[in-house]
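# An overview of the molecular structure
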Amino acid sequence: EVQLVESGGGLVQPGGSLRLSCAASGFTFNAYAMSWVRQAPGKGLEWVSGINSGGDYTSYADSVKGRFTISRDSAKNTVFLQMNSLKPEDTAVYYCAAGITTYDYWGRGTQVTVSS
């Protein structure tokens, strides 16, 4: 059974940091590029960041560039999103997904709320 399980979300003040994790199982993790995608309240899905299967190429949406860092641990089948200098507009449900522009698998998401 394919599983992508996100964790690490929560409530944080503006300017704070969070580190999201996504544990993968049930498919060949090392063969897939991975992405983080978010959905803010009342809005559509927004691609946030992606990393290639080898972990040596990353890309970011302009809205998070310089603040977020994606990484992966192939030994642990896990992808991470380090989020710094968080803003209220980063409030969303964050999903990890297998793929970059099209996605074969999705997690259930973790809520990130940035508020004072």
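For the structure given in this document, a descriptive report is provided here. Predicted model only: the values in this text are computed from it and were never measured. Along every chain, residues carry numbers that run from 1 in the direction the sequence is written. In view of the model being predicted, local features appear only for residues whose pLDDT reaches at least 70, and side-chain atom pairs are presented and counted only at 80 or more, with totals across whole chains, interfaces and linings using the full set of residues. Side-chain figures throughout are based on the complete set of non-hydrogen atoms in the structure, without hydrogens or water.

## Brief notes about the overall build of the chain
In terms of helices and strands, the chain carries zero helices and 11 strands. In this description a helix means any DSSP run of H or I spanning at least four residues, a strand means any run of E spanning at least two, and both kinds are numbered starting from the N terminus. Secondary structure elements in the chain, listed N-terminal to C-terminal, are β-β-β-β-β-β-β-β-β-β-β. Principal axes of the C-alpha set define a box for the chain whose edges measure 40 × 25 × 25 Å. When a residue's accessible area, from a 1.4 Å probe over protein chains only, is under 20% of the maximum for its type it is buried; when over 50% it is exposed; and in between it is partly exposed. Across the 116 residues in the chain, those meeting the buried criterion constitute 41%.

## As for the side chain of Asp-90
Mapped onto the secondary structure, Asp-90 falls in the loop between strand E8 (78-83) and strand E9 (92-99). Any N or O atom pair separated by 3.5 Å or less is treated as a polar contact, with the protein-specific requirement of one donor-capable and one acceptor-capable atom, and with residues adjacent in sequence counted only for side-chain atom pairs. Side-chain polar atoms of Asp-90 contact the backbone nitrogen of Lys-87, separated by 2.8 Å. A contact between two residues is defined here by any heavy atoms of the two lying within 4.5 Å. In this structure, Asp-90 is in contact with Arg-38, Arg-67, Phe-68, Ser-85, Val-112 and Val-114, ignoring residues within four places of it in sequence.

## Section: the packing of aromatic side chains
Pairing of aromatic rings covers Phe, Tyr and Trp, the last counted by its six-membered ring, and requires centre-to-centre distances within 6.5 Å; plane angles under 30 degrees mean stacked, over 60 mean edge-to-face, and any other angle means tilted. With the rule as written, the count across this model stands at five aromatic pairs. Every member of this aromatic cluster is reached through a ring pair, and the members are Phe-27, Tyr-32 and Tyr-105. Whether a charge sits over a ring comes down to the Lys NZ or Arg CZ being within 6 Å of the ring centre and within 35 degrees of the ring normal. Arg-19 extends its terminal NZ or CZ atom over the ring of Phe-80, reaching a point 4.0 Å from the ring centre. Positioned above the aromatic ring of Phe-29, the side-chain terminus of Arg-72 is 4.3 Å from the ring centre.

## Section: the side chain of Ser-49
Relative to the elements of secondary structure, Ser-49 occurs in strand E5 (residues 45-51). Overall, the relative accessible area of 0% leaves Ser-49 in the buried class. In terms of polar contacts, Ser-49 uses its side chain to reach the backbone carbonyl oxygen of Ser-59, at 2.9 Å.

## Things to note about the nonpolar core
In this structure, Met-34, Trp-36, Phe-68, Val-79, Leu-81, Met-83 and Tyr-94 are the most contacted members of the largest nonpolar core, which totals 28 residues. With residues near it in sequence (within four places) discarded, Phe-68 still touches Arg-38, Val-48, Tyr-60, Leu-81, Gln-82, Met-83, Asn-84, Leu-86, Asp-90 and Tyr-94. The term nonpolar core refers to a set of buried residues drawn from Ala, Val, Leu, Ile, Met, Phe, Trp, Tyr and Cys, joined through side-chain atoms within 4.5 Å.

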